[in-house]
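Coordinates in review
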Amino acid sequence: MRKNNLRIYCRDNGSGNLQFYVMAEGQEYYLFSQRYHMSVHKYFRNGVSYRQARDYSQAVPVQKAMSRIPGAIRYIEKDYQVEILEQTKKRNNRRRGYKKYPAAV
């Protein structure tokens, strides 16, 4: 069973910029934009999984785009109050059952 079916892809807006999006649970979220690089567009245009987007064995422009993805996803999670990454889902599940008890006197 696949835990995380995130797809990260980019679109060329025609004015020399690439716009990055993440598709999670049927919803599309805008991540960020950056200058056009052919290698980055070729790698992300058809969409890649989150695991592939963290594979740093690619060209330098692709690596730089990859390094921005986790932070952008964390920002989306806070801004829209959604859980996209498995790490966030696990952390929030632990906190839901946590009850803070008063200190013993």
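Attention in this report is confined to the structure presented alongside it. What you see is a predicted model; the values in this text were computed from it and never measured.

Reading guide: rules and limits
- Residues numbered from 1 in each chain as written.
- Predicted model: local features only at pLDDT ≥ 70, side-chain atom pairs only at ≥ 80, totals over all residues.
- Heavy atoms only, no water.
- Salt bridge = Lys/Arg side-chain N within 4 Å of Asp/Glu carboxyl O.
- Helix = DSSP H or I, 4+ residues; strand = E, 2+ residues; numbered from the N terminus.
- Buried < 20%, exposed > 50% of the residue type's maximum accessible area, 1.4 Å probe, protein only.
- Expected span 1.5 Å × (residues − 1).
- Bend = angle between axes of the 7 residues up to and from the residue.
- Contact = heavy atoms within 4.5 Å.
- Core = buried A, V, L, I, M, F, W, Y, C linked by side-chain atoms within 4.5 Å.

Scanning the model with the defined rule gives one salt bridge in all. Between R11 and E28 there is a salt bridge, with the nearest N and O atoms lying 2.6 Å from each other. Of the two residues, R11 is situated in strand 1 (residues 7–12) and E28 in strand 3 (residues 27–35); the sequence distance between them amounts to 17 residues. Residue classification places R11 among the partly exposed positions, given a relative accessible area of 38%.

Once that is clear, we can look at helix 3 (residues 60–80). Taking 1.5 Å of rise per residue, 21 residues should cover 30 Å, and helix 3 covers 31 Å from first to last C-alpha, within 8% of that figure. I69 marks the point of greatest bend in helix 3, at about 25°, and the proline P70 comes within the next four residues. What helix 3 keeps buried is the set V62, A65, M66, I69, P70, A72, I73, I76 and E77. Immediately downstream of helix 3, the backbone of Q81 shows phi near 55°, a positive value.

So, on to the environment of V40. Structurally, V40 is set in helix 1 (residues 38–44). Taking C-alpha positions, V40 is 10.0 Å from Y9, a pair spaced 31 residues apart along the chain. For V40, the residues in contact, after removing those within four places along its chain, are C10, L18, F20, Q34, P61, V62 and A65.

Formed by 24 residues in total, the largest nonpolar core has its most connected members in I8, F20, L31, F44, I69 and I73. Those elements that provide at least two residues to this core are strand 1, strand 2 (17–24), strand 3, helix 1, helix 2 (50–53) and helix 3. Ranked by residues supplied to this core, first place goes to helix 3 with seven residues. Setting aside chain neighbours within four positions, we find I69 in contact with I8, F32, F44, Y50 and A53.

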